[in-house]
Amino acid sequence: MSKNKEKFTFIDLFAGLGGFHLAMEKLGGKCVFASELKPDLRELYQTNFGMECAGDINSVNIQKDIRKHTVLCAGFPCQPFSKAGKRQGFNDEKDRGNLFWKIMEILEVKKPEYVLLENVQNLETHDNGNTWAVIKENLETLYEVQCDVISPHNLGIPQHRKRIYIVGRLREKGGLKNFQFPPHEEEIECNIKDIIDEDDDDY
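Owing to the predicted nature of the structure, the values given are computational and were not obtained by experimental measurement.

What about the confidence of the model for the protein?
Turning to step 1, where the next piece is worked out: In the predicted model, the protein carries a mean pLDDT of 86, and the fraction of residues at 70 or more is 87%.
Turning to step 2, where the next piece is worked out: For the stretch residues 80–85, pLDDT sits under 50, and the model shows 22 contacts to residues farther than four places along the chain or on other chains.

Points about the nonpolar core
Turning to step 1, where the next piece is worked out: Judged by nonpolar contacts, the single largest core of 31 residues is most densely connected at Leu13, Leu72, Ile103, Leu107, Leu117 and Leu139.
Turning to step 2, where the next piece is worked out: When contributions to this core are tallied by element, the ones reaching two or more residues are strand E1 (8–13), strand E2 (29–35), strand E3 (71–74), helix H4 (99–110), strand E4 (114–120), helix H5 (130–139), strand E5 (143–150) and strand E6 (163–170).
Turning to step 3, where the next piece is worked out: Counting residues per element, this core draws most heavily on H4, at six residues.
Turning to step 4, where the next piece is worked out: With 19 residues, the next largest nonpolar core counts Ala34, Cys73, Tyr114 and Leu116 among its residues.

A closer look at the packing of H4 against H5
Turning to step 1, where the next piece is worked out: For the pair H4 and H5, the least separation of the axes is 11 Å and the interaxial angle reads 10°. Viewed along their axes, H4 and H5 adopt a mutual orientation that is roughly parallel. In contact with Phe100, Trp101, Met104 and Leu107 of H4, H5 contributes Val134, Ile135, Asn138 and Leu139.
Turning to step 2, where the next piece is worked out: Split into classes, the residues belonging to the contact of H4 with H5 amount to seven nonpolar, one polar and no charged.

Focus on the sheet that holds E4
Turning to step 1, where the next piece is worked out: As summarised here, the arrangement of the six strands in space is E2-E1-E3-E4-E6-E5, forming an open sheet in which the pairing is mixed. Looking along the sheet, the strands with just one partner apiece sit at the ends: E2 and E5. Put simply, the sheet's adjacent strands are angled 20° from each other on average, direction ignored.
Turning to step 2, where the next piece is worked out: Strand contacts of H4: E1, E3, E4 and E5, with the helix running at about 175° to E3, the strand carrying the most contacts.
Turning to step 3, where the next piece is worked out: Packed on one face of the sheet, H5 meets E4, E5 and E6 and runs near 145° to E5.

Observations regarding helix H2 (residues 39–49)
Turning to step 1, where the next piece is worked out: Within H2, the full set of buried residues consists of Leu41, Tyr45 and Phe49. Each buried residue of H2 sits inside an arc of 45° when the element is viewed along its axis, so together they form one side. Facing away from the buried surface of H2 by more than 90 degrees, the exposed residues are Pro39, Asp40, Glu43 and Thr47.
Turning to step 2, where the next piece is worked out: Taken together, the buried residues of H2 touch E1, helix H1 (19–26) and E2.
Turning to step 3, where the next piece is worked out: Phi turns positive, to about 70°, at glycine 50, one or two residues after H2.

Comments concerning the packing of aromatic side chains
The geometry of an aromatic ring pair is captured by the separation of the ring centres together with the interplanar angle, meaning the angle of the planes.
Turning to step 1, where the next piece is worked out: According to the stated counting rule, one finds five aromatic pairs in the structure shown.
Turning to step 2, where the next piece is worked out: Centroid distance phenylalanine 8 to phenylalanine 10: 6.5 Å. Interplanar angle 50°. Geometry classified as tilted.
Turning to step 3, where the next piece is worked out: Owing to a relative accessible area of 5%, phenylalanine 8 belongs among the buried residues under this scheme.
Turning to step 4, where the next piece is worked out: With centroids separated by 6.1 Å and ring planes inclined at 50°, the aromatic side chains of phenylalanine 76 and phenylalanine 100 adopt a geometry described as tilted. Residue phenylalanine 76 is found in the loop between E3 and H4, and its partner phenylalanine 100 is found in helix H4; the two are separated by 24 residues along the sequence. Of the two residues, phenylalanine 76 and phenylalanine 100, both sit in the buried class.
Turning to step 5, where the next piece is worked out: Taken together, the aromatic side chains of Phe76, Phe100 and Trp101 make up a single cluster linked through ring pairs.

A closer look at unusual backbone geometry
Turning to step 1, where the next piece is worked out: A positive phi is found at phenylalanine 14, a non-glycine position, where the angle reads about 50°.
Turning to step 2, where the next piece is worked out: Secondary-structure assignment places phenylalanine 14 in the loop between E1 and H1.
Turning to step 3, where the next piece is worked out: For phenylalanine 14, a relative accessible area of 18% translates into the label buried.
Turning to step 4, where the next piece is worked out: If you check the backbone angles, lysine 111 has positive phi at about 50° while not being a glycine.
Turning to step 5, where the next piece is worked out: Structurally, lysine 111 can be placed in the loop between H4 and E4.

Cut-off values and rules
- Residues numbered from 1 in each chain as written.
- Predicted model: local features only at pLDDT ≥ 70, side-chain atom pairs only at ≥ 80, totals over all residues.
- Heavy atoms only, no water.
- pLDDT = per-residue confidence, 0-100.
- Contact = heavy atoms within 4.5 Å.
- Core = buried A, V, L, I, M, F, W, Y, C linked by side-chain atoms within 4.5 Å.
- Buried < 20%, exposed > 50% of the residue type's maximum accessible area, 1.4 Å probe, protein only.
- Helix = DSSP H or I, 4+ residues; strand = E, 2+ residues; numbered from the N terminus.
- Axes fitted to C-alpha atoms, helices over the stretch in contact; angles between N-to-C directions.
- Parallel < 35°, antiparallel > 145°, perpendicular 65-115°, else oblique.
- Nonpolar A, V, L, I, M, F, W, Y, C, P; charged D, E, K, R; others polar.
- Pairing = 2+ DSSP bridges.
- Arc of directions from axis to C-beta.
- Phe/Tyr/Trp six-rings, centres within 6.5 Å; stacked < 30°, edge-to-face > 60°.

If you want it as structure tokens, here you go:
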């Protein structure tokens, strides 16, 4: 998409600070729907991007509230799958583990050409790989899917944060023909001073 510079539309679920929004906008995309549970982040999202962000995704009417779009982006809640949490997965006591099914519901109704998901590295191995197997199996009813674990430091950005990225394209559109994740090296030189202004005492 970045090569042909065609405009496309996307939605930003579990939007947080809007990382997906920034990336998609740089590629020429236009956000047509965003959702974030936390009020302070919704307020910040509107300040940064000039658009209202819906609240709880479970309260959204998929047919009426979500426009047709090209790409569904979602950094769905990671606490149920993280090593730092209880690792309750789909059985999470706060129902955060079940929000993947809301993503599937939107995909089934709206059928965007592309899906781009992000979560903790541990998602792939959670419950001896069973959680990822369920997610992959359901996505593959509509999409050809690939995943990879990448950290910003693998791309020369001084932050260690390994995340799993899941990319899919509708099978009826040809699937992920010729798709490759960007090359990323495990050991690459990074320096935090590249992004910190040491002369600024107000950081």
